[in-house]
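Residues per chain are reported as follows:
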Amino acid sequence: MPAALPFEENTAGSAVLGVYRQVFAVLAREANGIVDDAASVLIDESILKAFADAGPAGLTVEQVIAACPGTPAVALRRRFEVLRSYRAVTRVNERPHEMYYQAAFAPYVMLLFLRRLSRTGGLGELHRMLSIARLAADDAATTRGEAREHLREMTNVFRLLANPIMQLAKGGTVESLRSQAQPMLGNSEMLDQAKLYHNRALARWPELLPECTELRMALGAYRDAVTTAARRLIDQAGKTRALGLLPAERWRSFARDAGVDELAAAVDGLLFDAPDPYFTADDLLDAVEEGLRTDAGRTPPPRPRIDDDGPVSTAADPAAEADALVARAEELLAGQDRVSVAELLTGAGDWAAARRVLADLTAVHLRSELPYALTWADDWLVHPTAELSWATDGWFERR
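Remember, it's a predicted structure, so these values are computed and weren't measured experimentally. (Residues numbered from 1 in each chain as written. Predicted model: local features only at pLDDT ≥ 70, side-chain atom pairs only at ≥ 80, totals over all residues. Heavy atoms only, no water.)

### Observations regarding the overall build of the protein
Secondary structure assignment for the protein yields 16 helices and 7 strands. A total of 399 residues make up the protein; the buried ones form 31% of that total. Sequence-distant contacts, at least 24 apart, represent 68% of the contacts inside the protein between residues at least 6 apart. In the form shown here, the protein has an accessible surface area of approximately 26,100 Å², with 57% of it arising from carbon and sulfur atoms. (Helix = DSSP H or I, 4+ residues; strand = E, 2+ residues; numbered from the N terminus. Buried < 20%, exposed > 50% of the residue type's maximum accessible area, 1.4 Å probe, protein only. Contact = heavy atoms within 4.5 Å. Areas by Shrake-Rupley, 256 points an atom, 1.4 Å probe, with all protein chains shown as cover.)

In structure tokens form, the structure reads like this:
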């Protein structure tokens, strides 16, 4: 039978367990349960913020509810009990009928860590770990055992980082690879930093060659996974869609040094409507990417079924279509030989009507047999408070 732990070791272990419970209180739905909705974590954050603003005097449960007016009282009480059960929130004085509570800082630190982790995928923490390990390798007080532990930690981190990227690059869909693996790509600086740490540790502790070899193999696996993932994204996306794989410095240099013609050549052949304020940037990017695709096997959309005796003719009459376009062009010209495109778009009233006007102008211009021309200008009109926030200037004229 193992001997009982000495009092000092038992006390130290209990302290570690207590901090551990406080840290993960924000991830607990209840005692011995894992939180399964993001709203609970946001409620925990509002509770901890209320305690931070209250000062050392603490707060009662009712004061916490009053400090969080945007959250239902029932949800606040439930989350407060969870935090209290994990001792993330404790009484100011351990005595009967104590009404005031105070919060520990560990749960809020955990929330900050989770937010940073969601934004960077853990790469920020990896940079910090490498910096700490490098400082430890240069510190004369670092022992060989501590250095061995640091090398093993870095090896495990890079293995866990490389495995999912390689799995996505080999067997995952392109969409999942783009959404999950791309934040982990382009980390040459981190690889260089890890290599410097490896060289420093090996030079100082030659007897740690096996651990250094394991780290070097993990770095090679991560580099191979990144290369495989980037190659697959480039093959699937093409030259025009693999923009996220270029370093930001190259885009800044191009934007500073390129002329007007070079910048305009990037969107040569594309026609952009004025963006609807309800469209997000991701929706606009997806629309442009889909427009660049060429699919020869595209099937027509389903047609409504008409229950009659004869077939419905869907063939368009070129002459009738040309007459309709001429009538529409004369309606837009309103007796003039030349009109401003910006005035036509802003005079349409709303976004949908302006979009139809722009489509009609483009359709008339593309019919070379019709005596009309559409010429674009370099400037535009901006109306921040109008329904149509901006309109490109140009001229629509009768030849």
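Now, onward.
### Here we look at the nonpolar core
Core analysis: the largest hydrophobic core is formed by 31 residues, its most contacted members being L151, F158, M190, Y197, L215 and Y222. Those elements giving two or more residues to this core turn out to be α6 (123-138), α7 (144-171), α8 (174-181), α9 (188-204) and α10 (209-237). Not counting residues up to four positions away in its chain, the partners in contact with F158 are L126, L130, M190, L191, A194, L215, A218, L219 and Y222. In terms of nonpolar packing, the next biggest core, distinct from the first, is built from 25 residues, F51, C68, F80 and A88 among them. (Core = buried A, V, L, I, M, F, W, Y, C linked by side-chain atoms within 4.5 Å.)

### Details of empty space enclosed by the protein
Counted under the stated rule, the structure contains 1 cavity of 30 Å³ or more. A volume near 30 Å³ is recorded for the largest cavity. Lining the largest cavity are A133, A136, A137, T142, A147, H150, Y197, A201 and W205. Contributions of two or more residues to the lining of the largest cavity are made by α6, α7 and α9. Residue contributions to the lining of the largest cavity peak at 3 residues, all from α6. Here the lining of the largest cavity is composed, by residue class, of 7 nonpolar, 2 polar and no charged. (1 Å grid on protein atoms, 1.4 Å probe; cavity = no way out; pocket = protein on both sides within 12 Å on 5 of 7 lines; lining within 4 Å. Points joined across faces, edges and corners; volume = space filled by probe spheres on them. Nonpolar A, V, L, I, M, F, W, Y, C, P; charged D, E, K, R; others polar.)

### Some words on the sheet that holds strand β7 (residues 390-398)
Taken in spatial order, the 3 strands line up as β5-β7-β6 in an open sheet, and their pairing is antiparallel. Looking at which strands have only one partner, the edges of the open sheet turn out to be β5 (338-340) and β6 (372-382). In this sheet, neighbouring strand axes are inclined to one another by 15° on average, regardless of whether the strands run parallel or antiparallel. The pairing of β5 with β7 spans 3 bridges and is classified as antiparallel. The partner of S340 across the bridge, within β7, is W395. (Pairing = 2+ DSSP bridges. Axes fitted to C-alpha atoms, helices over the stretch in contact; angles between N-to-C directions.)

### What about the confidence of the model for the protein?
One rule of thumb: low pLDDT means the predicted coordinates there are not for detailed reading. Per-residue confidence for the protein gives a mean pLDDT of 77; residues scoring 70 or more make up 74%. By mean pLDDT, strand β2 (residues 33-34) is the weakest element of the protein at 62, and helix α3 (residues 61-67) is the strongest at 91. Segment residues 238-242: pLDDT under 50, and 7 contacts once partners within four positions in sequence are set aside and those in other chains are kept. When the criterion is pLDDT under 50, residues 307-312 qualifies, and its contacts beyond four places in sequence or with other chains add up to 1 contact. (pLDDT = per-residue confidence, 0-100.)

### Thoughts on a negative patch on the surface
Side chains of D282, D283, D286 and E290 sit close together on the surface and give a patch of like negative charge. The topology assignment puts D286 in helix α13 (residues 281-292). (Patch = residues over 30% accessible without salt bridge, like charges linked within 9 Å, V, L, I, M, F, W, Y side chains within 5 Å. Salt bridge = Lys/Arg side-chain N within 4 Å of Asp/Glu carboxyl O. Lys, Arg positive; Asp, Glu negative; His and termini not counted. Charge placed at Lys NZ, Arg CZ, Asp CG, Glu CD.)

### Some details on the environment of L160
Relative to the assigned elements, L160 resides in helix α7. Distance from L160 to A218, taken between C-alpha atoms, is 9.2 Å for residues 58 residues apart in sequence.

### Some points on helix α14 (residues 318-333)
If you check α14, its first and last C-alpha atoms are 22 Å apart, about what 16 residues at 1.5 Å a residue would give, namely 22 Å. Within α14, the full set of buried residues consists of A322, L325, A329, L332 and L333. End-on view of α14: buried residues confined to an arc of 95°, all on one side of the axis. Set apart from the buried face of α14 by more than 90 degrees, the exposed residues are D323 and E331. (Expected span 1.5 Å × (residues − 1). Arc of directions from axis to C-beta.)

### Structural notes on the environment of N156
Within the secondary structure, N156 is located in helix α7. For N156, a relative accessible area of 41% translates into the label partly exposed. In the structure, N156 is positioned 58 residues away from E214 in sequence and 9.3 Å away in space, judged by C-alpha atoms.

### Quick look at the packing of α7 against α9
Geometrically, a packed helix pair is captured by the angle between its two axes and the distance between the axes. At a minimum axis separation of 12 Å, α7 and α9 run at an interaxial angle of 150°. By the criterion of interaxial angle, the relationship of α7 to α9 is roughly antiparallel. Note on packing geometry: the crossing formed by α7 with α9 is left-handed. Contact with α7, carried on its side by A147, H150, L151, M154, F158 and L161, involves M190, L191, A194, Y197 and A201 of α9 and no other residues of that element. A per-class count over the contact of α7 with α9 returns 10 nonpolar, 1 polar and no charged. (Parallel < 35°, antiparallel > 145°, perpendicular 65-115°, else oblique. Left-handed = near helix turned anticlockwise from the far one by under 90°.)

### Here we look at unusual backbone geometry
Of note in the backbone geometry, A334 takes a positive phi value of approximately 55° without being a glycine. When you line up the elements, A334 lands in the loop between α14 and β5.

### Some words on the packing of aromatic side chains
On inspection of all chains with the given rule, the structure shows 4 aromatic pairs. With centroids separated by 5.9 Å and ring planes inclined at 15°, the aromatic side chains of Y372 and F396 adopt a geometry described as stacked. On the criterion of sequence distance, the pair formed by Y372 in strand β6 and F396 in strand β7 is long-range, its members being 24 residues apart. In this structure, Y372 and F396 share a single accessibility class: buried. Here the aromatic cluster, defined as three or more aromatic residues joined through ring pairs, consists of F51, F80 and Y101. One Lys or Arg, R338, reaches over the ring of W395 and ends 4.1 Å from the middle of that ring. (Phe/Tyr/Trp six-rings, centres within 6.5 Å; stacked < 30°, edge-to-face > 60°. Lys NZ or Arg CZ within 6 Å of the ring centre and 35° of its normal.)

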